[in-house]
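Here is how the chains run, residue by residue.
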Amino acid sequence: MSLKLFTYSIFFLIAFPTFGDDYLIEEMESLRSSLDQNDPDRSELSLRLADLYFDVSIQENADKNIIEKRKKALSLYLDVLNGRDGITAAKGKKADIIRFQIARVLNKLHRVDEAKKYYFKVFNSKLVEKKVKREAAFSLAEYYEEKVVFKKSDEYYVKAISLCENVTSCNYAHYKRAWLHYKEVKIETAIKELKLSLYEAD
């Protein structure tokens, strides 16, 4: 992050701690518009703005404009990923993280088939952290479960579990796999998975 963008970030945190999210979005949009199209800081600022749009849209008290906010987040993420609007395209690990965020937004927009493609790319990347890869696998498992492709779903639940770093992070995956096996009338393994989901962290 450049010194200038770091200064911008600190300014927003200090200047607008009690203002509403919409006000902060408006100010960040204004700042982004004020930057030269070729300014390298536009890329990072666009990502921060996309994160803000998305985070606001998934709050419990989100307003009626959540769909518009999610679409705006998606557009900004795609700008940075694909190098649109004068922004240099993201590469490597940064691109994979953006793909993960795009998949999350698409899921919230109920565009699950599109989201699946991005989750798949993230899961198969060699650059992303284990936690992100696990979340991608888990999302793919849920996708295939919704599509009633239980065999594929089970494969991804197993992959998600294999990427767990501790008991707590595995519990929900075991629970979901137990429910999947129950649907398939695999009662014995469903009970086994359910027991695993009840383990407590040391």
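This write-up is about the structure you can find in this document. Position numbers for residues count from 1 along each chain, tracking the sequence in the order it is written. Whole-chain, interface and lining totals are the exception, using all residues; otherwise, since this is a predicted model, local features are given only for residues with pLDDT of at least 70 and side-chain atom pairs are given and counted only at 80 or more. Working from all heavy atoms in the structure, the side-chain values ignore hydrogens and water.

### Here we look at the state of the cysteines
Here is the idea: a disulfide is a covalent bond, and it sits between the sulfur atoms of two cysteines. What counts, and what does not: Two cysteine sulfur atoms make up a disulfide if the distance between them is within 2.5 Å. A 1.4 Å probe rolled over the protein chains alone gives each residue an accessible area, and that area as a share of the maximum for its type sets the label: buried under 20%, exposed over 50%, partly exposed in between.
Evaluation of the coordinates by the stated rule reveals one disulfide. Here Cys 164 is linked by a disulfide to Cys 170, with a sulfur-sulfur distance of 2.3 Å. Judged by relative accessible area, Cys 164 falls into the buried class, the value being 14%.

### Notes on the packing of aromatic side chains
As a reminder of what qualifies: When the centres of two rings from Phe, Tyr and Trp lie within 6.5 Å, Trp using its six-membered ring, the rings pair. Their planes under 30 degrees apart give stacked, over 60 give edge-to-face, and anything left gives tilted. Only DSSP runs of H or I with at least four residues qualify as helices, and only runs of E with at least two residues qualify as strands; both kinds are numbered from the N terminus onward.
Using the criterion set out here, one finds eight aromatic pairs in the structure. Taking the centre distance of 5.6 Å and the plane angle of 75° together, the rings of Phe 123 and Tyr 156 count as edge-to-face. Highlighted residues: Phe 123 in helix H6 (residues 112–123) and Tyr 156 in helix H8 (residues 150–162), separated in sequence by 33 residues. No difference in accessibility class separates Phe 123 from Tyr 156, as the two residues are buried.

### Examining the nonpolar core
To keep it simple, the criterion reads: Nonpolar cores are built from buried Ala, Val, Leu, Ile, Met, Phe, Trp, Tyr and Cys residues. Side-chain atoms within 4.5 Å join them into one set.
Within the largest apolar cluster, 53 residues are counted, with the highest numbers of intra-cluster contacts made by Tyr 77, Ile 98 and Ile 102. Secondary-structure elements contributing two or more residues to this core are helix H2 (21–34), helix H3 (41–57), helix H4 (66–82), helix H5 (92–108), H6, helix H7 (130–146), H8 and helix H9 (167–183).

### As for the environment of Leu 198
With respect to the helices and strands, the residue Leu 198 is situated in the segment after helix H10 (187–197). Along the primary structure Leu 198 and Tyr 175 are separated by 23 residues, whereas in three dimensions their C-alpha atoms are 8.3 Å apart.

### Topic: H10
Selection criterion: Working note: the arc is built from the helix axis to C-beta atom directions. Only heavy atoms enter the contact rule, under which two residues are in contact if any of them lie within 4.5 Å.
Listing the buried residues of H10 in full gives Ala 190, Glu 193 and Ser 197. For H10, the angular spread of the buried residues around the axis is 65°, confining them to a single face. Pointing more than 90 degrees away from the buried face of H10 are the exposed residues Glu 188, Lys 192 and Lys 195. Elements in contact with the buried residues of H10: H8 and H9.

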